[in-house]
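Results of the structural survey
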Amino acid sequence: MGGLRGELSRVAQLVADYRERLRGARVAPVAGRAELRSAFGGELPGSPTPLSQVIDELVAAATPGLMGSAGPRYFGFVVGGSLDAALVADVLTTGWDQNAFNEALSPAAMAVEDVAGRWLKELLGLPASASVGFVTGAQGANTVGLAAARWWVLHQAGWDVGRNGLFGAPRVRLLAGAERHATIDRAVRLLGFGEHAIEEVPALPDGAMDTDALALALSRDSGSPTIVCAQAGNVNTGACDDLGAAADAARGANAWLHVDGAFGMWAAASPRTRELVGGIERADSWACDGHKWLNVPYDSGYGICAHPDVHATAMGYTASYLTGQVVGREFGGGDFVAESSRRARGFATWAAIRSLGRSGVADLVDRSCALARRFADGLRAIDGVTIVNDVVLNQVLVRVGDEDTTNRINRLVQDEGTLWLGATSWRGERLLRVSVSNWSTTEEDVDRCVEAIARARAAVIARK
Ligand SMILES: *Cc1c(COP(=O)(O)O)cnc(C)c1O
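Residues numbered from 1 in each chain as written. Predicted model: local features only at pLDDT ≥ 70, side-chain atom pairs only at ≥ 80, totals over all residues. Heavy atoms only, no water.

Points about the overall build of the protein
Here is the rule: A run of H or I in DSSP becomes a helix once it reaches four residues, and a run of E becomes a strand once it reaches two; helices and strands are each numbered from the N terminus. Here the globule rule reads 2.2 Å times residues to the power 0.38, and the radius of gyration is calculated from C-alpha atoms. Summary of the burial criterion: residues with accessible area below 20% of their type's maximum are buried, those above 50% are exposed, and those between are partly exposed, where the area comes from a 1.4 Å probe applied to protein chains only. Whether two residues touch is decided by their heavy atoms; if any such pair falls within 4.5 Å, the residues are in contact. For every accessible area listed, the method is Shrake-Rupley and the probe measures 1.4 Å; residues are considered covered only by the protein chains on display. Think of it this way: Lys and Arg go in the positive column, Asp and Glu in the negative one, and His and the chain ends go nowhere. The atoms used to mark charge sites are NZ of Lys, CZ of Arg, CG of Asp and CD of Glu.
The secondary structure content of the protein amounts to 15 helices and eleven strands. Here the protein has a C-alpha radius of gyration of 23 Å; the compact-globule value for 464 residues is 23 Å, and the two agree. Taken along its principal axes, the extent of the C-alpha atoms in the protein is 65 × 60 × 45 Å. Burial analysis of the protein (464 residues in total) assigns 52% to the buried set. For the protein, restricting intrachain contacts to residue pairs at least 6 apart in sequence, the fraction spanning at least 24 positions comes to 75%. For the protein, the accessible surface area stands at approximately 21,000 Å², while carbon and sulfur atoms represent 54% of it. Computed over 45 positive and 53 negative side-chain charges, the separation of the two mean positions in the protein equals 2 Å.

As structure tokens, this is what we get:
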């Protein structure tokens, strides 16, 4: 073999073999970080190593530590596996090695983002005029959305935050639900507001924001520049905030409405779940992930904004070597994200949507939700097990016992290897959490996993 061509062919086979094996393989890795560190080697290499040897060593060292999260029986966090089309497009993206900053660097990378962005807006029911920043994930998208929000609300108050920063700026009110995702807090930190700036709006029992409480809070002190941060898809229960009510309340207070819809926004792509996120089109900015429910490989999120000029003013930059291209140029690429040189992320998203089409995306959402309900039904039938949430989307919360029992069952399930799922704390209780977000999961997979959980629970209880 040898040479780039030979190694690429070999690796293509390796990747295909790996993906095929995922269907039947154990999910958890067999080696931990410390052990793997020694496998990856000790001293800094002093001289070059041939390509084929580098790849052999890499595969041998990494394989025991790979988590089967791309496969059908991984239900931890909210993690999708990549679709075949998106995976192959992502390999091409690496091979083409484009810099997606602007048109001068890669016309193809810009154009594919234009088209994939248009398709995304249609699937998610967002205004066609919105701008789409292809970011690294929902953390990036929340940061972008809140940066645009910060620029606009302060601009309305006569303050240019881009030039003058936050020192001496009018105070900005920032309201977010008590069950917001932690990436909102990090975005708020990075944007200089500080976490204490967040006014927490109480949550309803299912974790969605209490929008009556939001309206009440907004009616007080309604003259201040204000940002409201709502959520579509609570990471524990899957509940979505009443976005129509949040939009009404925000509009009444002249506030900017941002929606963190990392995975839950995909409810909009299916007629069966669309009403869960009714009113979503009325927000000012949205954060959504590609690498969760759309099953695009990692490094894929979308920071979407109803006001492209605000979006680009908050995020873009110009430099002397760019000014020749600024006049009359279209926004895109680096103007809508917090990066300069960047991966051409649009290819993988384009391929995912091209391969599934509108009906395929709706089917992916529907199947995940149906499998989550199947999980809930199967687990509920086990003596002593209860389902804690209303399974409205793809998340299932499972009560299997007290905290210690739950943790033991969780570890045993992970070690046994049929599936991988995590535990969470919800309303003061330790629970198992199942998230169904992978295109390749089948009913048989779910049934096998329910049995594995039942076995683990019986074993833990017998030992007590
Ligand atoms: C996963 C998630 C995020 C963070 O997304 P990343 O892609 O991991 O950056 C933010 N908000 C919600 C609701 C999420 O589920």
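Notes on the packing of helix 9 (residues 211–219) against helix 10 (residues 243–252)
Condition: Every axis in this analysis is a line fitted to C-alpha atoms, fitted for helices over the stretch in contact. Angles between the N-to-C directions lie between 0 and 180 degrees. For classification purposes, an angle smaller than 35 degrees is called roughly parallel, one larger than 145 roughly antiparallel, one from 65 to 115 roughly perpendicular, and anything else oblique. Residue polarity is assigned by list, with Asp, Glu, Lys and Arg as charged and Ala, Val, Leu, Ile, Met, Phe, Trp, Tyr, Cys and Pro as nonpolar; anything else, Gly included, falls into the polar class.
At a minimum axis separation of 9 Å, helix 9 and helix 10 run at an interaxial angle of 5°. The orientation of helix 9 with respect to helix 10, classified from their angle, is roughly parallel. Touching T211, L214, A215 and L218 of helix 9 are A245, A246, A249 and A250, all from helix 10. Along the lines of polarity and charge, the residues of the contact of helix 9 with helix 10 split into seven nonpolar, one polar and no charged.

Remarks on the sheet that holds strand 7 (residues 301–305)
Test applied: By the convention used here, strands pair only if DSSP detects at least 2 bridges between them.
Strand order in the open sheet made by the seven strands is 1-7-6-5-4-2-3, with mixed pairing throughout. At either end of the open sheet lies a strand with only one pairing partner, and these are strand 1 (131–135) and strand 3 (198–201). Between one strand axis and the next, the sheet turns by 20° as a mean value, whatever way the strands run. Relative to the sheet, helix 6 (residues 138–156) contacts strand 1, strand 4 (226–231), strand 5 (256–260), strand 6 (285–289) and strand 7, its axis offset from that of strand 5 by approximately 180°. Helix-sheet contacts for helix 8 (residues 182–190) involve strand 2 (173–177), strand 3, strand 4 and strand 5, and the interaxial angle to strand 5 is about 135°.

Some remarks on the pairing of strand 3
The test is simple: The crossover handedness rule: strands pointing away from the viewer, path from first strand over the helix to second strand clockwise, crossover right-handed.
Where strand 2 and strand 3 come together, four bridges link them in parallel fashion. If you follow A176 over to strand 3, its bridge partner there is E200. A crossover connection joins strand 2 to the parallel strand 3 through helix 8; in handedness this β-α-β unit is right-handed.

Focus on the environment of S106
Basically, it comes down to this: We define a polar contact as two N or O atoms separated by no more than 3.5 Å, with the added condition that, inside protein, one atom must be a possible hydrogen donor and the other a possible acceptor, whereas residues neighbouring each other in sequence contribute only through side-chain atom pairs.
The topology assignment puts S106 in the loop between helix 4 (84–96) and helix 5 (107–124). Distance from S106 to L214, taken between C-alpha atoms, is 44 Å for residues 108 residues apart in sequence. Filtering out sequence-adjacent residues up to four positions away, S106 remains in contact with Q98 and N99. In this structure the side chain of S106 is engaged in a polar contact, spanning 2.7 Å, whose partner is the side chain of Q98.

Let's talk about the packing of helix 6 against helix 8
Just so we agree on the cut-off: Note: crossing handedness is left-handed where the near helix turns anticlockwise from the far helix by less than a right angle, and right-handed where it turns clockwise.
Interaxial distance between helix 6 and helix 8 falls to 9 Å at its minimum, and their mutual angle equals 50°. The angle between helix 6 and helix 8 falls in the class oblique. Read as a crossing pair, helix 6 and helix 8 show a hand that is right-handed. Where helix 6 abuts helix 8, its residues Q139, N142, T143 and L146 lie against T183, I184, R186, A187 and V188. A breakdown of the residues in the contact of helix 6 with helix 8 according to their chemical character gives four nonpolar, four polar and one charged.

Observations regarding unusual backbone geometry
Its identity as a non-glycine residue notwithstanding, D97 has a phi of 50°, on the positive side. Judged by its relative accessible area of 64%, D97 is exposed. Positive phi, close to 55°, is recorded for N254, a residue that is not glycine. Tracing the backbone shows N254 in the loop between helix 10 and strand 5.

Describing the site of the ligand
What counts is decided by this rule: One heavy atom within 4 Å of a molecule or strand makes the whole residue count as near it.
Around the ligand, a shell composed of 15 residues is seen, among which Q139, D260, D289, H291 and K292 lie nearest. Within the backbone of A138, a nitrogen or oxygen atom sits 3.0 Å from an oxygen atom of the ligand. A distance of 2.7 Å separates an oxygen atom of the ligand from a polar side-chain atom of H291. Coverage of the ligand by the protein amounts to 84% of the 380 Å² it exposes when considered alone. With three residues, helix 6 is the single largest residue contributor to the shell around the ligand.

Topic: the pattern of salt bridges
Basically, it comes down to this: When a carboxyl oxygen of Asp or Glu lies within 4 Å of a side-chain nitrogen of Lys or Arg, that pair is called a salt bridge.
Summed over the entire model, instances satisfying the criterion amount to 29 salt bridges. In this structure, the salt-bridge partner of D185 is R180, at a minimum N-O distance of 2.8 Å. Judged by its relative accessible area of 14%, D185 falls in the buried class.

So, the sheet that holds strand 10 (residues 422–426)
Spatial strand order, 8-9-11-10: four strands in an open sheet with antiparallel pairing. Because the sheet does not close on itself, it has two edges, and the strands there are strand 8 (386–387) and strand 10. Two strands pair when backbone bridges link them, and strand 8 and strand 9 (residues 395–399) are joined in this way by two bridges, in the antiparallel orientation. Across the sheet, I387 pairs through a bridge with V398, a residue of strand 9. Where helix 14 (residues 403–416) meets the sheet, it contacts strand 10 and strand 11 (429–435), and its direction lies at approximately 30° from that of strand 11.

Everything listed here is a matter of coordinates, which is why it stays silent on function.
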